[in-house]
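Structural characterization, general
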Amino acid sequence: MVIELPDLAAMDAFGARIAQRLRPGDVVALSGGLGAGKTTLARGIIAALGHAGEVPSPTFTIVETYDPPAVRLPLVHADFYRLERPEEADELGLDDYREGAALLAEWPEHAGGFAGEPGCLAITLESAGSGRRAIVEPGGDWLGRLP
Ligand SMILES: Nc1ncnc2c1ncn2[C@@H]1O[C@H](COP(=O)(O)OP(=O)(O)O)[C@@H](O)[C@H]1O
Ligand SMILES: [Mg+2]
């Protein structure tokens, strides 16, 4: 499934559709190179879940968490770019962070990838003119609720 995202408004709207459908246990795996729009889409999702104000990029902290009532469900926003080995995701306690929460994962391949999970919505962002395009590969749990 391919979704055209010509500008930031389209990015926010797509983020809102994902947010509406998101459940605890899900992973939104955001792939694409530097500047592809991964953090922008994550911010759109987090804002649509109810968070008001800044959403820091987890580039340096690796993991940022958001909890109700500020957001509709517990949320983990991670950027695995800096991991050198997938095992480091376990070492930083990713399983504990994910308990009862949804995960937004930038650079998911650096954490071993999540595409094997039925709750994984894999999104690859790429440039398209001055905007972006999303290639969406839903896990089985997403088939009845595609964004
Ligand atoms: N759909 C879009 N159309 C135009 N510009 C976009 C779009 N999505 C993101 N951008 C811009 O691309 C830049 C990089 O985005 P960012 O989300 O930080 O990328 P990444 O997290 O993948 O490195 C930002 O300046 C952002 O405003
Ligand atoms: Mg980023």
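For the structure, see preceding data.
For clarity, every value in this text was computed on a predicted model and none was experimentally measured.

**Remarks on the pairing of strand β2 (residues 27–31)**
Within β2, 5 of the 5 residues are buried, which leaves the element mostly enclosed by the surrounding structure. Alternating positions in β2 separate into two faces, Val27, Ala29 and Ser31 on one and Val28 and Leu30 on the other, with burial throughout. As paired strands, β2 and strand β5 (residues 102–106) are joined by 4 bridges and run parallel to one another. By the bridge assignment for β5, Val28 is matched with Leu104. Bridge count between β2 and strand β6 (residues 120–128): 5 bridges; the pairing is parallel. By the bridge assignment for β6, Ala29 is matched with Ala122.

**Here we look at the side chain of Thr39**
Here Thr39 shows up in helix α2 (residues 38–48). Note on Thr39: relative accessible area 15%, which makes it buried. Setting aside its immediate chain neighbours within four residues, Thr39 contacts Ser57 and Glu106.

**Let's talk about the site of ligand 1**
With respect to spatial proximity, 17 residues lie near ligand 1, and among them Gly35, Lys38, Thr39, Thr40 and Arg132 are the closest. One of the backbone nitrogen or oxygen atoms of Asp7 is found 3.4 Å away from a nitrogen atom of ligand 1. Relative to its unbound accessible surface of 580 Å², ligand 1 loses 71% to contact with the protein. Those elements that provide at least two residues to the shell around ligand 1 are α1 (8–21), α2 and β7 (131–138). With 3 residues, α2 is the largest single contributor of residues to the shell around ligand 1.

The rules we used
Residues numbered from 1 in each chain as written. Chains lettered and ligands numbered in written order. Predicted model: local features only at pLDDT ≥ 70, side-chain atom pairs only at ≥ 80, totals over all residues. Heavy atoms only, no water. Buried < 20%, exposed > 50% of the residue type's maximum accessible area, 1.4 Å probe, protein only. Helix = DSSP H or I, 4+ residues; strand = E, 2+ residues; numbered from the N terminus. Pairing = 2+ DSSP bridges. Contact = heavy atoms within 4.5 Å. Near = heavy atom within 4 Å. Polar contact = N/O pair within 3.5 Å; in protein donor to acceptor, adjacent residues only side chain to side chain. Areas by Shrake-Rupley, 256 points an atom, 1.4 Å probe, with all protein chains shown as cover.

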